[in-house]
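Chain residues, written in single-letter form:
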Amino acid sequence: GTWEGSDGGVPILAAVGPLQLEVVSSRLSSEYSVEVQYEMMPQTQARWAMAGWEEVDAVLSERKLLNVKTLEDVYGRPVLLFTSGWTLDNAVAEVGERLQLRPYALAPDVQERRRKK
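The notes below deal with the structure included here. Residue positions are given per chain, counting from 1 as you read along its sequence in written order. It should be noted that, the model being predicted, local features are given only for residues of pLDDT at least 70 and side-chain atom pairs only at 80 or more, the latter also being counted only at that level, while totals for whole chains, interfaces and linings use all residues. Calculation of side-chain values draws on the structure's entire complement of heavy atoms; hydrogens and water are dropped beforehand.

**Looking at unusual backbone geometry**
Glycine aside, negative phi is the norm for most residues, and most peptide bonds take the trans geometry. Rules: Helix numbers and strand numbers start at the N terminus; a helix is a DSSP run of H or I with at least 4 residues, a strand a run of E with at least 2.
With phi around 55°, Ser-33 is a residue other than glycine that occupies positive phi space. Note on placement: Ser-33 falls in the loop between helix H1 (18–32) and strand S3 (45–49). For Gln-100, which is not glycine, the phi torsion reads 55° and is therefore positive. Mapped onto the fold, Gln-100 is located in the loop between helix H3 (85–99) and strand S6 (101–102).

Listed below in structure tokens is the structure:
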């Protein structure tokens, strides 16, 4: 996903642990001669809102999602970041079905191939 700051979109990389970040950093350095600098974010949980941006915007305007950061993945889909399991659980209980919250989202071409099977 990306976060829109004053400099435009900033890539966000999610990892299960520090080792995954070290592997990415090492590969970028050795394969592309790119130096990487990571900055930790306070969010620890992510969910894709498969219902789309219109529903996310409606829920946000109704103030049913508090302390949640919204991002866009590379396919333009909304991703919600939560600071704790509690904020995630609260969102799932309040608007989970409406937003069709999912812990992951397949690439559109993979999703389409799976539908055809």
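Moving on from the model shown.
**Brief notes about the nonpolar core**
Most often, soluble globular proteins keep nonpolar side chains buried together rather than apart. Just so we agree on the cut-off: Among buried residues, the Ala, Val, Leu, Ile, Met, Phe, Trp, Tyr and Cys ones that are joined through side-chain atoms within 4.5 Å form a nonpolar core. The rule is simple: take the accessible area with a 1.4 Å probe, protein chains only, and divide by the maximum for that residue type; under 20% is buried, over 50% is exposed, in between is partly exposed. Any two residues having at least one pair of non-hydrogen atoms within 4.5 Å are treated as being in contact.
Counting 12 residues, the largest nonpolar core is built from Ala-49, Val-56, Val-59, Leu-65, Val-68, Leu-80, Phe-82, Leu-88, Ala-91, Val-95, Leu-99 and Leu-101. Those elements that provide at least two residues to this core are helix H2 (53–61), strand S5 (78–82) and H3. No other element matches the 4 residues that H3 contributes to this core. Sequence-distant contacts of Val-59, defined by excluding residues within four places in its chain, comprise Lys-64, Leu-65, Val-95, Arg-98 and Leu-99.

**Looking at the pattern of salt bridges**
Selection criterion: We define a salt bridge as a contact between a side-chain nitrogen of Lys or Arg and a carboxyl oxygen of Asp or Glu at a distance within 4 Å.
Enumeration according to the criterion identifies 7 salt bridges in this entry. A salt bridge links Arg-113 to Asp-109; its shortest N-O distance comes to 3.7 Å. Taken together, the positions of Arg-113 and Asp-109, both in helix H4 (residues 108–116) and 4 residues apart, correspond to about one turn of that helix. Residue Glu-112 pairs with Arg-115 through a salt bridge whose shortest N-O separation is 3.4 Å. One end of the pair is Glu-112 and the other is Arg-115, both in helix H4 and 3 residues apart, which spans about a single turn.

It is worth stressing that arrangement in space is one thing and function is another; only the former is reported here.
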